[in-house]
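Examining the three-dimensional arrangement
Chain by chain, the residues:
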Amino acid sequence: MDPYIFGFFALAYIVILIWGIAKHKKTASAIIFFVILALIYDNAILAVGHLFGEGELLKNLSYGRFWLHAIFTPTLIIFSLLVMREANIEFAYKKWVAFSFGALWIVAMIVEYFMELSGLELAPKESYGVLNYSTTEAASGPPPMILIVLVALLIAAVTLAWKRKWWWMLVGTIFMTIGSAVPIDIGSDAITNAFELFLIATLMWTAIHFSNDRAYKRF
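In this report, we go over the structure that sits alongside the text. Not measured: the values here are computed from a predicted model.

A separate point is the pairing of strand β2 (residues 130–135). Counting buried positions along β2 yields 5 of 6 residues, so the element is predominantly enclosed. Across 6 bridges, the pairing between strand β1 (residues 122–127) and β2 is antiparallel. Across the sheet, residue Glu126 finds its bridge partner in β2, namely Leu131. In sequence, β1 turns back onto β2 through a hairpin of 2 residues, with Tyr128 there showing a positive phi of about 50°.

This is how it looks when you write it as structure tokens:
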């Protein structure tokens with residue numbers, strides 16, 4: 001069943017991408033498009049892995065999943081800063097804030113490299129019908145990089161809810177935080193990806209909203 005679920009997620013991300021391209025004005029928060037492309041790839045490989053079978057092809061494609069995740073997921077930290085600027089949040093223009101978010105982004109990438117990518121070894125794994133190559137080390141809680149990203153998203157989400165009465169980014173971030181922190185056994189490995197899909201949908205909606213909201217344009 002899970003391959004169909006991941007296939008649905010891949011299609012849902014394609015819909016979100018098309019929605020974003022159609023509705024989002026050409027502003028800096030469009031950086032989220034790269035995150036969505038990486039998620040389309042990730043879910044598509046999980047959906048069709050059983051069709052490839054075990055072998056070097058699927059293994060190499062799976063390495064791509066880990067590298068794209070490491071490169072593009074931390075850019076949500078930069079997205080958090082940019083969307084606050086597009087909402088004309090005054091403190092988001094301060095140099096120390098830009099430096100802080102930039103530092104978080106760099107730290108998140110470094111942490112992800114040394115904790116996940118350095119010496120990465122993949123082995124075949126089959127679960128709920130999904131065949132993929134995953135890390136041979138057992139996961140113990142949410143990855144540190146994800147926690148750093150969630151901190152940046154929460155800062156931006158709370159600020160937008162407080163200053164601009166825009167709650168959707170906060171709702172999506174809270175759901176993602178719960179999904180990352182609380183183990184949920186429902187007979188599927190796709191539950192975390194479902195929370196992730198909801199988060200990205202709320203982030204895209206946020207980006208579209210403020211890229212089109214001329215009342216808050218500073219320049």
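Turning our eyes to something else, we now look at the packing of helix α2 (residues 32–52) against helix α8 (residues 191–212). α8 packs onto α2 with a crossing angle of 155° between their chain directions and a minimal axis gap of 11 Å. The angle between the axes of α2 and α8 places the two elements in the roughly antiparallel class. Considering the relative orientation of α2 and α8, their crossing is left-handed. Side by side, α2 and α8 meet where Ile32, Phe33, Val35, Ile36, Leu39, Asp42, Asn43 and Leu46 of the first sit next to Asn193, Glu196, Ile200, Leu203 and Met204 of the second. When grouped by side-chain class, the residues that make up the contact of α2 with α8 number 9 nonpolar, 2 polar and 2 charged.

This paragraph deals with the nonpolar core. In terms of nonpolar packing, the biggest core is built from 53 residues, with Met169 and Leu203 touching the most fellow members. Counting residues per element, the ones that place at least two in this core are α1 (2–23), α2, α4 (75–86), α5 (95–117), α6 (144–164), α7 (168–181) and α8. With 11 residues, α6 is the single largest residue contributor to this core. Setting aside residues no more than four positions away along its own chain, Leu203 makes contact with Ile32, Leu76, Phe79, Leu153 and Met169.

Two numbers describe a pair of aromatic rings. These are the distance of the centres and the angle of the planes. If you walk through the whole model with that rule in mind, you get 9 aromatic pairs. Judged by centre distance (6.1 Å) and plane angle (55°), the rings of Phe8 and Phe9 are tilted. For Phe9, a relative accessible area of 6% puts it in the buried group. Here the aromatic rings of Phe175 and Phe198 are separated by 5.2 Å at their centres, their planes lie at 55°, and the arrangement is tilted. One end of the pair, Phe175, is in helix α7; the other, Phe198, is in helix α8, with 23 residues separating them in the sequence.

The subject of this paragraph is the pattern of salt bridges. Within the structure shown, the criterion is met by 1 salt bridge. Linking Arg65 and Asp42 is a salt bridge whose minimum nitrogen-to-oxygen distance equals 2.7 Å. Of this pair, Arg65 sits in helix α3 (residues 56–72) while Asp42 is found in helix α2, placing the two residues 23 residues apart along the sequence. For the pair Arg65 and Asp42, one class covers both residues: buried.

All right, on to the side chain of Thr75 then. Tracing the chain through its elements places Thr75 in helix α4. Given the relative accessible area of 10%, Thr75 is considered buried. Excluding residues within four positions of it along the chain, Thr75 makes contact with Ile31, Val35 and Trp105.

Before going further, it helps to spend a moment on a nonpolar patch on the surface. On the surface, Trp67, Ile71, Trp105, Ile106, Ile110, Tyr113, Phe114 and Met115 cluster together into a nonpolar patch covering about 790 Å² of accessible area. Elements that contribute at least two residues to the nonpolar patch include exactly α3 and α5. For the nonpolar patch, the leading source of residues is α5, giving 6 residues. Accessibility expressed as a relative area gives 46% for Ile106, which makes it partly exposed.

You can see Thr73 is positioned in the loop between α3 and α4. By relative accessible area, which is 13% here, Thr73 ends up buried. Only 3.0 Å separates the side chain of Thr73 from the backbone oxygen of His69, close enough to count as a polar contact.

Before going further, it helps to spend a moment on the environment of Phe91. With respect to the helices and strands, the residue Phe91 is situated in the loop between α4 and α5. You can call Phe91 partly exposed: its relative accessible area is 25%. Among residues more than four places away in sequence, those in contact with Phe91 are Met84, Val97 and Thr159.

Calculation notes
- Residues numbered from 1 in each chain as written.
- Predicted model: local features only at pLDDT ≥ 70, side-chain atom pairs only at ≥ 80, totals over all residues.
- Heavy atoms only, no water.
- Buried < 20%, exposed > 50% of the residue type's maximum accessible area, 1.4 Å probe, protein only.
- Helix = DSSP H or I, 4+ residues; strand = E, 2+ residues; numbered from the N terminus.
- Pairing = 2+ DSSP bridges.
- Axes fitted to C-alpha atoms, helices over the stretch in contact; angles between N-to-C directions.
- Parallel < 35°, antiparallel > 145°, perpendicular 65-115°, else oblique.
- Left-handed = near helix turned anticlockwise from the far one by under 90°.
- Contact = heavy atoms within 4.5 Å.
- Nonpolar A, V, L, I, M, F, W, Y, C, P; charged D, E, K, R; others polar.
- Core = buried A, V, L, I, M, F, W, Y, C linked by side-chain atoms within 4.5 Å.
- Phe/Tyr/Trp six-rings, centres within 6.5 Å; stacked < 30°, edge-to-face > 60°.
- Salt bridge = Lys/Arg side-chain N within 4 Å of Asp/Glu carboxyl O.
- Patch = residues over 30% accessible without salt bridge, like charges linked within 9 Å, V, L, I, M, F, W, Y side chains within 5 Å.
- Areas by Shrake-Rupley, 256 points an atom, 1.4 Å probe, with all protein chains shown as cover.
- Polar contact = N/O pair within 3.5 Å; in protein donor to acceptor, adjacent residues only side chain to side chain.

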